[in-house]
Amino acid sequence: MNLKNIWVYGAVFFLGAFVCYITLQFSLFEIKSELDIPNILISLITMSIGLYIADTLQRRVNKNQNQHSYLINKLDTLWAAFNDFSEKLSFDSKIDATSIKNFNKEIIYPISFLKNVFNSFEVNNNCVCDLEKNLEKLDSILTNIPADNNVVDYSDHLPSIENKVTEISKCFSKILTQIQKL
């Protein structure tokens, strides 16, 4: 807070206090000394309904935020792992067979878990299904290439692999868009 704001807030406070003092000096305000039971009950019921509505809305917002953050974290982890793997594919025309096995274990299997999470949250999972199919196609391309000394040379299949990597990246972005709509 800077000094200018303090003076403005102080002036507004004293102006409000002055207006309240002047209005309370008039005898126009009468205070009832008896209790108005029907109005008190209506006020309590209205307050209870309002609190119930506010609590329900807050729970829904929290649920959507929890779903959103959980799905975003899972997707970010999988997308980062895929990007690491795709970098290996883009920089060379050979890859270790163990990297392909790790790709299967670290990316493809968790996608089915992500699909199940989408189902349990009752979110459209078509994008996740497309991603899973594209990942499996990429895996089948890489695993069907013969390995020599535990190294897979995919130079003959480079255009199809690059197309699959592009499709998979598009699927990840579609899933991200789907999560953002929550």
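Up top is the structure.
The rules behind the values
- Residues numbered from 1 in each chain as written.
- Predicted model: local features only at pLDDT ≥ 70, side-chain atom pairs only at ≥ 80, totals over all residues.
- Heavy atoms only, no water.
- Axes fitted to C-alpha atoms, helices over the stretch in contact; angles between N-to-C directions.
- Helix = DSSP H or I, 4+ residues; strand = E, 2+ residues; numbered from the N terminus.
- Parallel < 35°, antiparallel > 145°, perpendicular 65-115°, else oblique.
- Left-handed = near helix turned anticlockwise from the far one by under 90°.
- Contact = heavy atoms within 4.5 Å.
- Core = buried A, V, L, I, M, F, W, Y, C linked by side-chain atoms within 4.5 Å.
- Buried < 20%, exposed > 50% of the residue type's maximum accessible area, 1.4 Å probe, protein only.
- Salt bridge = Lys/Arg side-chain N within 4 Å of Asp/Glu carboxyl O.

In this structure, what is going on with the packing of helix α2 (residues 37-91) against helix α5 (residues 158-180)? I would like to understand it.
Each pair of packed helices can be described by the angle between their axes along with the distance between the axes. Their axes nearest at 11 Å, the elements α2 and α5 cross at an angle of 165 degrees. Between α2 and α5, the angle falls in the class roughly antiparallel. For the pair α2 and α5, the crossing hand works out as left-handed. Residue-level inspection shows His-68, Leu-71, Ile-72, Leu-75, Leu-78, Trp-79, Phe-82, Ser-86 and Leu-89 of α2 in contact with α5, the latter providing Ile-161, Val-165, Ile-168, Ser-169, Phe-172, Ser-173, Ile-175, Leu-176, Ile-179 and Gln-180.

I keep staring at the nonpolar core and nothing clicks. Help me out?
Nonpolar side chains in soluble globular proteins tend to be buried together. Formed by 36 residues in total, the largest nonpolar core has its most connected members in Phe-82, Leu-89, Leu-135 and Leu-138. Secondary structure elements with two or more residues in this core: α2, α3 (97-120), α4 (126-143) and α5.

What am I meant to see in the pattern of salt bridges here?
Opposite charge on two side chains makes pairing possible when the charged atoms of those side chains draw close. A full pass over the atoms with the stated rule returns 3 salt bridges. Note that Lys-115 is salt-bridged to Glu-132, the shortest N-O span being 2.9 Å. Linking Lys-115 in helix α3 with Glu-132 in helix α4, this pair joins segments that are 17 residues apart in sequence. Using a relative accessible area of 21% as the deciding quantity, one classes Lys-115 as partly exposed. Among the salt bridges present, the one from Lys-164 reaches Glu-167, with a minimum N-O distance of 3.3 Å. Taken together, the residues span about one helical turn, with Lys-164 and Glu-167 both in helix α5 at a distance of 3 residues. Accessibility expressed as a relative area gives 12% for Lys-164, which makes it buried. On the basis of relative accessible area, Glu-167 is assigned to the partly exposed category, the value being 33%.

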